[in-house]
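Here are the chains, one letter per residue:
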Amino acid sequence: MKRFDLSLYLVLDSDLCAAIGMIETARLAVAGGATMVQLRDKHAGTPRMIETGRALKQALAGTGALLIVNDDVEAAVAIGADGLHIGQEDMDARTARTMIGPDMILGLSVETAPLASAVDPALVDYTGVGPVFATPTKADHKQPIGFDGLARLVKASPVPSVAIGGLKAEHVAEVFTAGARGLAVVSAICGTAHPEAATRRIAAEIRKVRP
Ligand code: TZP
Ligand code: MG
């Protein structure tokens, strides 16, 4: 049985984290209560993903926070990450599962209820659902789904879901009310001068409402 806690899921962004750096941002966020960290770097090729991922793995060792690699299956395996996160356009879940083996966590982004209900729980461990709100962080994101859409997609998903897209501490209650197991954030942590304090504020809201 794989154990993972989706409640406060930091998605790193090399541009937004530039001032402090991805590794230091992740370290501070985990100190503040982040439970999962995704390495997402749209500019890096596999060698740089591996280099950053290995440094991240070292930074997170012993904290209990899990390291997930976005898109790059080869890097995820080389790093020995806890998981891989893919989008609909990246590769199909069966291919990804074959490449990462049975033990690694596999996350899949879903933007519609039919896609959520088509998820195979034998292959996929969690879904990333959104964008809840429009966000400048992802230029090509799909139509925002709002909290009603989030609730529909969470219900359709046969595996636990984490919400994403424009989410901040003030949205925590609605995210959990919609049935998601947590929120994934980029700018609410990466884009701040004090990632640890920003994470603590979100973690405090989660403690108030978490089922
Ligand atoms: N997928 C859907 S929205 C998004 C991703 C990666 C970006 C979310 O960034 P932010 O800054 O938390 O709105
Ligand atoms: Mg992708």
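Chains are numbered independently. Their residues run from 1 in the order of the written sequence. To label them, take the chains in the order written and letter them from A, then take the ligands in the order written and number them from 1. The predicted nature of this model means local features are confined to residues of pLDDT at least 70 and side-chain atom pairs, given and counted, to a pLDDT of 80 or more, with totals for whole chains, interfaces and linings taken over all residues.

Per an unreviewed UniProt entry, the protein chain goes by Thiamine-phosphate synthase and derives from Rhizobium bangladeshense.

## Notes on the sheet that holds strand S6 (residues 126–129)
Judged by pairing direction, the barrel is parallel, and its 8 strands sit side by side in the order S1-S2-S3-S4-S5-S6-S7-S8 before closing back on the first. The average angle at which neighbouring strand axes cross in this sheet is 25°, direction not considered. Think of it this way: DSSP has to see at least two bridges between two strands before they count as a pair. Helical segments are the DSSP runs of H or I of at least four residues, strand segments are the runs of E of at least two, and each set is numbered from the N terminus. Pairing geometry for strand S5 (residues 105–110) and S6, over 4 bridges, is parallel. Along S6, the bridge assignment pairs Leu 108 with Thr 127. Sitting on the sheet, helix H2 (residues 46–60) is in contact with strand S2 (36–39) and strand S3 (66–70), with an inclination near 165° to S2. Axis lines are fitted to C-alpha atoms, over the contacting stretch for helices. Their N-to-C directions set the angle, which ranges from 0 to 180 degrees. A pair of residues counts as a contact when their C-beta atoms, built from backbone coordinates, are within 7 Å of each other.

## Details of the pairing of S5
Most of S5 sits inside the fold, with 6 of its 6 residues counted as buried. Neighbour counting defines burial: a residue surrounded by 20 or more other C-beta atoms within 10 Å of its own C-beta is buried, one with 12 or fewer is exposed, and intermediate counts give partly exposed, using backbone-placed C-beta atoms. Every second residue of S5 is oriented toward a common face, with Ile 105, Gly 107 and Ser 109 on one face and Leu 106, Leu 108 and Val 110 on the other, all of them buried. Alignment of strand S4 (residues 83–86) against S5, held across 4 bridges, turns out to be parallel. For Ile 86, the partnering residue across the bridge sits in S5 and is Leu 108. One crossover worth recording links S4 to the parallel S5 by way of helix H4 (residues 93–100), and it is right-handed. With its strands directed away from the observer, a crossover is right-handed exactly when the path from the first strand over the helix to the second travels clockwise.

## Observations concerning the site of ligand 1
Surveying the vicinity of ligand 1 reveals 15 residues, the closest of which are Thr 135, Thr 137, Gly 165, Val 186 and Ser 187. Under this grouping Gly is polar, as are all residues other than the nonpolar Ala, Val, Leu, Ile, Met, Phe, Trp, Tyr, Cys and Pro and the charged Asp, Glu, Lys and Arg. Counted by class, the shell around ligand 1 contains 7 nonpolar, 7 polar and 1 charged residues. We call a residue near a molecule or strand when the C-beta position, derived from backbone atoms, sits within 6 Å of it.

## Some details on the UniProt feature "binding site: 4-amino-2-methyl-5-(diphosphooxymethyl)pyrimidine" (unreviewed entry) in the protein chain
UniProt positions are given in the numbering used here, feature names are shortened, and annotations may be inferred rather than shown by experiment. Per the UniProt annotation, the sites labelled "binding site: 4-amino-2-methyl-5-(diphosphooxymethyl)pyrimidine" (unreviewed entry) are Gln 38, Leu 39, Arg 40, Asp 41, Lys 42, Asn 70, Ser 109 and Lys 138. Mapped onto the elements, Asn 70 comes out in strand S3. Those residues within four positions of Asn 70 in sequence are excluded, and the remaining contacts are Gln 38, Leu 39, Arg 40 and His 85. One can find Ser 109 in strand S5. Leaving out residues up to four positions away in the same chain, Ser 109 has contacts with Gly 87, Gln 88 and Gly 128.

## Description of the pairing of strand S8 (residues 182–185)
In S8, alternate side chains face the same way, and those of Gly 182 and Ala 184 on one face and Leu 183 and Val 185 on the other are all buried. The pairing of strand S1 (residues 8–11) with S8 spans 3 bridges and is parallel. Bridged to Leu 8 within S8 is Leu 183. Bridge count for strand S7 (residues 161–164) against S8 is 3 bridges, and the pairing is parallel. For Ile 164, the partnering residue across the bridge sits in S8 and is Ala 184. As for the winding sense of the linkage, the β-α-β connection from S7 through helix H7 (residues 172–177) to S8 is right-handed.

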